[in-house]
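Each chain, letter by letter, is given below.
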Amino acid sequence: MNTQLVNSIVQVFQALPPAEQKLLMERLNSCFTPTPSENEEPISEAAWEVWRSLGDDAVEGKLENPSINHDRYLYSNPHE
């Protein structure tokens, strides 16, 4: 960390009027408040096992070239 830069920022902060200091503090605090994803609990190993097992017992599809025609199969109008 650049100590000189930090000291300069502190000096600028101290030179601001109290109302602007408060505004700056609120803005800085909002930058460092954890996002909801940082507060969430980690996903359990059992959940990961379920995720990894998806498709293990999948039934083979009946459509030709599913990787090529993926969007057409999903989003085309079935009445065309």
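Because the structure is predicted, anything quoted here is derived from the model rather than measured.

Reading guide: rules and limits
- Residues numbered from 1 in each chain as written.
- Predicted model: local features only at pLDDT ≥ 70, side-chain atom pairs only at ≥ 80, totals over all residues.
- Heavy atoms only, no water.
- Helix = DSSP H or I, 4+ residues; strand = E, 2+ residues; numbered from the N terminus.
- Buried < 20%, exposed > 50% of the residue type's maximum accessible area, 1.4 Å probe, protein only.
- Salt bridge = Lys/Arg side-chain N within 4 Å of Asp/Glu carboxyl O.
- Patch = residues over 30% accessible without salt bridge, like charges linked within 9 Å, V, L, I, M, F, W, Y side chains within 5 Å.
- Areas by Shrake-Rupley, 256 points an atom, 1.4 Å probe, with all protein chains shown as cover.
- pLDDT = per-residue confidence, 0-100.
- Polar contact = N/O pair within 3.5 Å; in protein donor to acceptor, adjacent residues only side chain to side chain.
- Contact = heavy atoms within 4.5 Å.

S.K.: I'd like a description of the overall build of the protein, backed by residues and values.
M.R.: Along the backbone of the protein there are five helices and zero strands. Helices (α) and strands (β) of the protein occur, in sequence order from the N terminus, as α-α-α-α-α. Residues classed as buried in the protein amount to 2% of the 80 residues present.

S.K.: How would you summarise the pattern of salt bridges if you had to cite specific residues and measurements?
M.R.: Tallied over the full model, the rule gives two salt bridges. The partner of Glu45 in a salt bridge is Arg52, with the nearest N and O atoms 3.0 Å apart. Here Glu49 makes a salt bridge to Arg52, at a shortest N to O gap of 2.7 Å. Placement of the pair is Glu49 and Arg52 together in helix H4 (residues 45–53), with a separation of three residues, close to one helical turn. On the basis of relative accessibility, which here comes to 46%, the residue Arg52 falls in the partly exposed class. Sharing partners across several salt bridges, the network here consists of Glu45, Glu49 and Arg52.

S.K.: Help me get a handle on a nonpolar patch on the surface, residues and values and all.
M.R.: Together, Ile43, Trp48, Val50, Trp51 and Leu54 make up an exposed nonpolar region whose accessible area comes to about 570 Å². Summarising the element assignment, Ile43 is placed in the loop between helix H3 (36–39) and H4.

S.K.: Break down the confidence of the model for the protein for me, citing the residues and quoting the values.
M.R.: Looking at the protein as a whole, its pLDDT mean stands at 83, while 88% of the residues score no less than 70. Highest mean pLDDT in the protein belongs to H4 (90); lowest belongs to H3 (64).

S.K.: Give a description of the side chain of Gln21 that names residues and reports values.
M.R.: Position of Gln21 relative to the elements: it lies in helix H2 (residues 18–32). Here Leu16 takes part through its backbone oxygen, which lies 3.2 Å from a polar atom of the side chain of Gln21. When near neighbours in sequence (up to four residues on either side) are disregarded, Gln21 contacts Phe13, Gln14 and Leu16.

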